[in-house]
Each structure stands twice: as C-alpha cells, then as structure tokens.
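# Structural description and commentary
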There are 2 protein chains.
Amino acid sequence: MVDLVHPLVDAGAFPAKLTVGEPARFEVDAYTAGSDAIGVQIEISFDQQDAIVLPAQRRFDDDRWSATWIPAQVGPAAWRARAWLDPWQTWRNLSSRRRHAGVLDHIDIADGAEICREIRRRVRNGPHASELRAQLSRIHGLLLLGDVDDVLADGQFGEQLSGWFSTIRQASLTTSAPLWIARERAGHSSWYEFFPRSVGPGGSLMDAARELPRIAEMGFDVVYLPPVSPIGFTGRKGANNALTSAPGEPGSPWAIGGDTGGHDAVHPDLGDVHDFVEFVNRAEEAGLEVALDLAFQCSPDHPWIQQHPEWFMARADGSFRTAENPPKIYEDIHPLRFDGPAWQELWRALLDVTLTWVERGVRIFRIDNPHTKPFDFWEWLIAEVRQRHPDVIFLSEAFTRPRVMERLAKVGFDQSYGYFTWRRSANELRAYFTDVRDRTSDFMRVNAWPNTPDILSEQLRHAPRRVFEARAVLAATLSANWGIYGPAFERCDNRPSGSGEEYLDSEKYQARNWGDDVRHDDISELVERLNTIRRDHRALQNDASLIFHHCDDDNILCYSKQSIDGDLVLMVVNAEADQIRWGEIHLDYRALGIRPEADLELYDELSGETFR
Amino acid sequence: MVDLVHPLVDAGAFPAKLTVGEPARFEVDAYTAGSDAIGVQIEISFDQQDAIVLPAQRRFDDDRWSATWIPAQVGPAAWRARAWLDPWQTWRNLSSRRRHAGVLDHIDIADGAEICREIRRRVRNGPHASELRAQLSRIHGLLLLGDVDDVLADGQFGEQLSGWFSTIRQASLTTSAPLWIARERAGHSSWYEFFPRSVGPGGSLMDAARELPRIAEMGFDVVYLPPVSPIGFTGRKGANNALTSAPGEPGSPWAIGGDTGGHDAVHPDLGDVHDFVEFVNRAEEAGLEVALDLAFQCSPDHPWIQQHPEWFMARADGSFRTAENPPKIYEDIHPLRFDGPAWQELWRALLDVTLTWVERGVRIFRIDNPHTKPFDFWEWLIAEVRQRHPDVIFLSEAFTRPRVMERLAKVGFDQSYGYFTWRRSANELRAYFTDVRDRTSDFMRVNAWPNTPDILSEQLRHAPRRVFEARAVLAATLSANWGIYGPAFERCDNRPSGSGEEYLDSEKYQARNWGDDVRHDDISELVERLNTIRRDHRALQNDASLIFHHCDDDNILCYSKQSIDGDLVLMVVNAEADQIRWGEIHLDYRALGIRPEADLELYDELSGETFR
C-alpha cells in the first residue's frame, strides 16, 4: 500500500506548488500487512523530458517515506510513488532478528540462498544485469559456505537489489498528482509599491524611474505599480475619497479608462507605452522586476462602455451597476459581467490586455480583487498566459474569507496577500503562520504586507517608529515573500483618515510630495538591512522550515528558519513593541535537529555582536 | 464551488462510518466568487430507496455548511452536496445593506420585482409550483407597491425559494462519497472477555454459561470468547508459555486444529456445536451478544496441514514456517499463505468458516492479528459477509503501527483496538484521544481496553486497586467502545510473569479457578456503575463530542461528552492515581455552547451528590 501525503492538493485535483531552486520534500505512507520489507521510490514526470526517479527513505519506526528533490526548471510536472515487496530485505530482517534471538539455523541460510537463486534466474537483462548477477552469485556462494554474518552485514548489496526489484516485480503504483514549478521569484520576493505620480517634479514614469536606484538600494527585488492606465472623469473621487473631485484632481488609478484609452493604454500624465517599456528596462538595470496591477473593472468613461455594453451589468432602469460593498460605494467603477451572454469575448479581451503588458516586459501581475470574479476565469486566464509564458507570476489581492482565498491559490495564483496585516499579537501571529505552514503551504504562498494604500492597520495608526520597525522585522522574516507600500511605510506615516483603515490624504486620490515631507520618521536603513539579511540567508527564503520556540514572556515571538544546506536564522521580536520586555527563550532543539548540549555560536545580524 | 469536508475518507476512496441512531454531521465548504448568495443541500442516496435531501445551514461568517441526519438502517449509502446561486437572496442581502446605508432606491426595488417575474416565468410545474407562483405574485405585487420593508423581512419566503432554485437552476454537484452504516452496537459497546475453560466445575461452555448473568449484571453487552475450536498437541505450550507441555495441560486456544477438527469445530472439552448455539441463546436471554475470536492460523495438527499443504509456507527443507516475531517464536502455530498459488481456495475456505459461525448465531467477530494478513483479503471477506449479513460487526486486533491499523479500519473493520492500553499520563491520553477524534474518527472506531490476556500493561503491574479503578473510568468514559479481560481486570490481577507484559499463570496456557481465588480485590461494583452510567447517558455513546478542559494540575484529566439531545457528562479523573490531587478546573464554556454565567447544576453519578 502506498498513499501520497505531501505535496498534495485536494487529492490531486489541483497542482501543488514547487519553486525552482527550493528543495521539495515528497512524502508518502507506504506499508504492507505482515512483516514483509518494502522498497519505495518517487517518480517525477514532465511533458517532454525523462522522468526523475528518487529512492525514498523510511522514517525511523514509522511508515512515512520521503525523498527530496530540487526543481531546476519552470513548468508543469507530476509525481507519483511506487512501492514493491523486497524478499531479500525481508529475509535479511528476519534472519538478523533470529540470529539475535539465537535461533538462526541452517534452513534460514538455505532460504536465503534459494531467494538469491530465484532472483538471479529473473535478472536477465537491463543496464547493470551482469554486474548484479555477479553479486548474486557471490552472495549465493557465501551462503552456501554458511558465511551468513557477512551477508547480513552487507547493507549496500541490499540497496542495489532493492532498486532492481522496482523493475522486475509487480509494484503498487499511485495515481500521479500534478505539480506546478514556478521560478525563484515566486518563492521568495521583496516588494515595494509606490505611486509614480507622487514623484516630482512631473509625476511621470520617467520621473518615477529616478526612484528605482533608491528602491534597489533598500534591497527590494520587485517594484509594484498601481494601474498606469487612463483614469475616468465621470464619478471621479476627490481627495480623501470625496464623492466629487475638483478640477485638476487626478482620481483613483483603479477607475480605469477614459477618452485616451482603456486597460492597454498608458495614462498621458505618466507618459506613453515607450516610457513604460523604458521604465521596465531601467528597473531591470537596477536589479528590479516590475509588477503591474491588473484591475478588471472600468470607469464610466472606459471605451468598452460604449463598444461592449453587454459586458456590464444593467439595472432595471438600463443604467450600469457600480461596484459596491455597502456602505462603501464605488461610483467611479463599473464591474464587468463575467457570466453574461458575451462572456467569451470579454474573457478573450482580458487575456489580450494581459498579454499586451507581458509583451511590454511585465512578468509579474498583482491582481486586484480576484475574489469578485469567477474562479473559472482565473483558472483559464492563468493557464492561457502560462502556456505562452510559464515565467509569469500572479499575486492574488483577495482580502476575504479563507476558503475563497485558498481556492484562488488552488486555481493558479502563485502568491496571495495573507492575513498578516491584521495579525497583531504574538499569539495571533503564531497561530496564523503555523496554519500557513501546516495546512495551506502545498498550494498557497503568503505575501506579508504590514500596510497597503488601502490599509493603515490599527496597530500602525498613530504608532511610534518602533512599531513600524517591529512590523517590518516580522513581515520580512516570518514570510519568504513580503512587501511594503512606500514611502508611507518606511517614512512611518501613521495618520488615519477618520476611524477606518484609510490613510489621511491617501495617495489613491491625490499625489503626495514625499520629498519635501519632513514630518515623518525614516526606517529605510532597517528595511535595507532586513532585505540584505533575507538575500544572504537561504533560511529566510522558505516558509516550510518555520519553527516557533517558547519564550516565557508570551508577547515575545521567538522563531527560526533553516535551509537544507544548514543555514539557520533565529528571530526574537517583541510583537507589542509598546515597552521593553525581557524573557527567557527555550529553543526547541529537537525540532531544530541540534543536540541540546551543542555549543551554539549566534551572530546578531542587526547589532553585529556574537553570542555563545 | 462546493467541496466535501466530512465525513470523507481518502477523498472518497473508502466508506466513512456512520451508526444507526447516532446523529451524523455532514460538512461541506461552499462559496462563490463575489457576493452572490448560494443555497446548499446534502443528498444521501441508497441502493433501493429514495434519496434523502437535507438543507444545509451556513456557519456564521464562514463558508462551512452543515446538515445533521440520524441513520435508521444498516447498509451502504453515499452522500454528495449540491450548491446553487440564489438570485433572490443575493438581491435581498444587497438591498438590506443598501437600505442600512441609506442608498436603497426605486431601481433596487425594480430589480427585485424583475427577479420575481423572471423566476415566476420559470416555475412551471412540480409538486408546489402553483403555491410558489402565488407567493411570487404576492411578493411581486408588494414590490410594485414599493413595500420593500416587508419583502426584505420575509426570510421564510427566501427559504422556500432557495429549495426551488436547487431544482430549476444549474447547480454545482460534488462527486458522491461512500458511507457504511453499521448497527448501534458498532458505535457503542461494552465488552467482557473471559476463558470458558476456567469456569468450574468442568470448564465447558455450559459451565461458562452460568457466568452470563454475572457479566450482564456488570452491565456489559458483549461477551467475547477466545477461540472455541480444538487445540493442537504438536508444539503445545505449557503453563507460563513453557516450550513443552505436561500431559493434561490444555494449550493455547489460538493454536487451532487437532484430530477432532479445525476452525469450524468446537473443542470437545467445551462441548459441541449444540452447546455453542445454546450458549449464544443463553447470552441473548441475559441481554448479551457473543463475540467470537477468529484466528486464521493453524496448529501442526490442523486437518488443513494434510489436506492443503499448499496453504502453508514451506521452508528450504520442506518443513512449514511457524509464526514468529523474534524473539517470540510460536512453535504451536503455522501461518497461512494468503498470496500462494492456491489463494482463491484458501480465501473461500476462510469465508466458509466465518459464515459457519454466523449461521451458529455469531454477529460479532474479534479478528486476531489481521495486520499479518493482506488488506485485500479483509476487504474481500468483510464485503462478502456483509452482502449476506449486513449486521455482522468486525473488531480488528492489530496492535501495530498507526498507518497499518488505520488501513484495516478503512477496508472495513467496524472497530479497532487502539493505543489506550499504553497511554498512561494525562498528557498522553489527551493527545491520543484528540487525534482519534480529529484525524481518524471518520473511518475508525477505537475500542479501549485497559488489559487483554496478552497485556498486563506497565501501569497495572503490581498496581493497587485505585489504579485499576482509574483505568476503568478512563476507558469507559473516554471511548464509546470499551472492554476488559476478566476476571483478571475486575479482580485486579496485577502479577506479571517476568519483566514483559505477560500475566503470571496466564489463562492463555492454563485454566484458572477465579472462584476460589481470594488473593484479589474486586472492583465489579464500580464496573457495573460505569456501564450503567454509559447506558443511561447518550453523551457517553459517541466519541465525536469529546472536549478536554483545562485543569491547573496537569495530571488531572477533565473532559466532557455531549449528545445532540442535550445530555452532558463531565469527567474528572486523576490519571496517575498514585496520590490524592487537587486542581482547579476551567471549563471551556464556548466549546460546550454554554454561557459562562449560566447556573450549572452538576449531579455526581458516583457519589449521588448534587453541586451547583
């Protein structure tokens, strides 16, 4: 019996996610009735490439077998497991126990010789057949001479033979389970979101490009832009989400479409398509990838409103429904009708928009509100894009209920905004990231953001610098993928608009001149340090190795991450950050695989001190 | 989207276990992108009977939907879930929120009227079509009059309509997952095992039948007999597992087969087949069911050794392999060869043995060492028996690794001996029974035994009476199924043979005269009290409702069970029982569904006192 255990999503209904360069551990339960020994291997198959076969190892005193593999190439794959009875190992196990009990007799030895003979009879051809036959003859001869001790001690021969049984004996084979292997950036990334139009003097993409060296110096590898397309006039929001805008107010970049074009156009104030491509090139020169926001919704002035009214939802009076989540009403946005009679043309148009931006150099998309569109649409769109460009990465911005977020991850999103933004206390963070590691990691990569243009979280409202520092450390080290909305975050903007989560003078509705703004603190240096540590330590580039350790002050979080090549990073963070706290830490040596009496040398990456 | 959650075994590869009379809770995750309202129902189908349809209810603020059903009939079934978009509820939800936000307008009302009209157009026939059309006309009329408040308040109409959408709209339907519904005794049972040959004066079945009233008075409902077939002479074990037996020693009942017959014969010292049937009848009169041990292995004197040597495993010298688990060697037993060339005849013969005992009135079998035989054999045997006699119950005696025990449960065993016997401390018991409840309860019913003829557990060795009492309370209340091997247990036999788990003067190898034995204590009264409480309290007849509560002394276990009809039992047990302990208990009111400020009246079932 062999059952797939991990990585497995809904019994194979959806692909499990692997990452190039990141060791993947395959686990199966394999067992048989009685005391027969078995052999197990993991087989990974590809479309146009030979399958990879990995011998699996059994965990001590359990039926869990595992093998580790490091993917090297982006694309689809599948894995399955094969298990077979191993009569030689069965004989060897039983005979060893009988010898230990003092009851091994000449019939046991004759049994072993007979098994050798029988195997030798069946090993006729294959790449190493003659070598194996010679070995079998040697073992057979030893047994005929009664030299059982040497035979029982020869584990290497048993391993050689086990591989052979997989080819000559009937084996249990599982059905195969799909995998999707993404490139490294899907597995670990550091995102910086900013509004180009806030960058002086003109707020154009070329002005904004001058920010790229600063962002790269802070150690980020992804620079994420809100939508760069034209913004509608009708229903345009004013500063601080006012229902009407004064002349000259720029409106929300998410109200896409105006007289200069729709989703595939560039806002004239930002420049043109050439400027955008130039921005992407300049980013690349600085070591940054551009992530673009795709918001599939339209302002009342979008060309599609006239060209394709059937793509929108009509109300009883013939007007189009606006986006809303009462009491929030978005008068400047009409949602699209994904399940209308013209759904095929609409879906095709949205794929074309996506491919247009791919052609302009974008390989990462941040998808706005995917949970308000059908799961089937995303499954189709992502598959279509990947068929042409398997290196494209999709981040799901769905702040909603767990099952819906998880389904979006299952249908193909590479990364997902998670709940970090609202997990404040040490206990909340422990529970959340334990759940992420244990329950959803086969299909969901969480990207942790302490803030977004929409969310000045409760903890950051009116908060001092040290709270921003603590949140930066937590996001950057708890999660292999993190991001900040800046300069609001690194400049510690803590001013809310009213009682909700909105920022005062939110950049969603107005440009902000951060350059001249001296009211704010600046934690850029810490952010740079964190990103450097993340880059230097492979341990921080995975989420699977996260272990929480006990601290006798419950508000202090202590956790570690490890890489397969032995890199170990230990984090200690005062989650409340409201006052100085002391606590004794009890490392979980067993989970770390370290002997408790081992002499540990700890290097403090922030202070540069070394402790023993 | 709708996904089955519970009860579900390996994505539907094996049937989930339900019990007649025991409420079964079906759970699914159902959700949709966007804010469309949905309806969900659970459908249970049978072979020759109309399907049962249960409307599912959504858990507050989550996507988990559930419905509860109480099975009434033994046999196979299957369940699936159906989900559909509910445009009426979608309109009602949005309109209620818009009214609350003060933006509900006449177009919203017109939208609602249009939805009514559209539904009415499609409701043409069906059992309640005209009634529903009348309702739709009424609601439509109210909306045309602008009377939206009454319409939004009318939840009952929404529920009626939701049921209709399941029939007129396209719906998501899951694949169906199998169920096996067993009779009540599979779900809760109290077993008493004893050796008939120890009962004076003659050690026959008719002598043993005189014990039945005593066993019934102790409140048990299953009386379990070790094998009653002839015992071999060759290799027969003597007292205390001696390699040779003196003349007159009876041998182990598990060394089946001699010159008077094999698995279908009755040992002449016990009586004949008529005596066995009479024993079954007398048990039934006393309110007891007989469980018989099926041990599929043969003594060297079994008739099959001569008739079917191909059913046994030959060694190199032509002798038959004996059963062994070195250093334990069972010279009096030959295992059967389940995968030999004559496997079909062997399997058939073992089915015939089983059916023969069914014909003699046995409806419960305790299967000896099922883990040393192929899983496929048990899957086949149990299915064959159930096809003819769906009321037969199988208990798996596999004390082995978790995955193997779990597989046996999956292929059909109704009950399984669990690890209770070796879970001693409060922490071990908490961890074990939490795992039983959360991970394996869909397919495995644990039967908890403090002792067996093979196992005088470490905790009971040389233990005082109070340890036996604590173990009885724990087994009888932690698990809906429990059993004891008596009189050894209720007489507190604590004398080991050597350093292992064997009893001194084990009844496996000799008869014991318990009647004259005055060295021992007697906790029969407590056992009787426990079984009475188990019978009176439906709360103790399930394992799903187990909740552990906190006690500040870690050695004190506090836990509760509840029934769906409101019966609640709270247990407090000093798991160590080595000294008197005090501790403050913190009830998990939330898990119990009780308001913390509620005035609780507690009746102590053991002392008869009442506390507030």
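A quick note: this is a predicted structure, and the numbers were derived from the prediction, not measured.

### A few points about the side chain of Asp 86 of chain A
All names here are of chain A. Counting through the fold element by element, Asp 86 comes out in the loop between β8 (75-85) and α1 (87-100). Judged by its relative accessible area of 2%, Asp 86 falls in the buried class. Ignoring sequence-local partners within four residues, the contact set of Asp 86 consists of Ala 37, Ile 38, Gly 39, Gly 158, Ser 162 and Phe 165.

### Remarks on the confidence of the model for chain A
Looking at chain A as a whole, its pLDDT mean stands at 94, while 99% of the residues score no less than 70. Quick note on the complex model: pTM equals 0.92, ipTM equals 0.89.

### Describing the relation of the copies chain A and chain B
Under the fitted operation, chain A is carried onto chain B by 0.1 Å of movement along the axis and a turn of 180 degrees, and the coordinates agree to an RMSD of 0.1 Å. A rotation of that kind, with that shift, is consistent with a two-fold axis. Within chain A, Ala 11 of chain A has its C-alpha nearest the rotation axis, a separation of 3.2 Å. Comparing contact sets, 100% of the residues at the interface of chain A also lie at the interface in chain B, consistent with an isologous, same-surface contact.

### Some details on unusual backbone geometry
Residue Pro 7 of chain A follows His 6 of chain A across a cis peptide bond; omega there is 0 degrees. Position of Pro 7 of chain A among the secondary structure elements: in the loop between β1 (2-6) and β2 (16-19). Note that the residue after Gly 486 of chain B, namely Pro 487 of chain B, is joined by a cis bond; omega there is -10 degrees. In this structure, Pro 487 of chain B sits in the loop between β22 (481-485) and α16 (524-536). Positive phi outside glycine occurs at Ala 11 of chain A, with the angle close to 55 degrees. Even without a glycine there, the phi angle at Asn 240 of chain A is positive, about 55 degrees. Tracing the backbone shows Asn 240 of chain A in the loop between β12 (222-225) and α9 (273-285).

### Topic: the packing of helix α1 (residues 87-100) of chain B against helix α2 (residues 106-122) of chain B
In a packed pair of helices, the relevant descriptors are the angle between the two axes and the axis-to-axis distance. All names here are of chain B. Two elements in contact, α1 and α2, have axes whose closest approach is 10 Å; the angle formed by their N-to-C orientations is 170 degrees. Here α2 runs roughly antiparallel to α1, going by the angle between their axes. The segment α1 lies against α2, with Pro 87, Trp 88, Trp 91, Ser 95 and Arg 98 engaging Asp 108, Ile 109, Asp 111, Gly 112, Ile 115, Cys 116 and Ile 119. Taken together, the residues of the contact of α1 with α2 break down into seven nonpolar, two polar and three charged.

Conventions we followed
Residues numbered from 1 in each chain as written. Chains lettered and ligands numbered in written order. Predicted model: local features only at pLDDT ≥ 70, side-chain atom pairs only at ≥ 80, totals over all residues. Heavy atoms only, no water. Helix = DSSP H or I, 4+ residues; strand = E, 2+ residues; numbered from the N terminus. Buried < 20%, exposed > 50% of the residue type's maximum accessible area, 1.4 Å probe, protein only. Contact = heavy atoms within 4.5 Å. pLDDT = per-residue confidence, 0-100. Least-squares fit on C-alpha atoms with pLDDT ≥ 70 in both. Axes fitted to C-alpha atoms, helices over the stretch in contact; angles between N-to-C directions. Parallel < 35°, antiparallel > 145°, perpendicular 65-115°, else oblique. Nonpolar A, V, L, I, M, F, W, Y, C, P; charged D, E, K, R; others polar.

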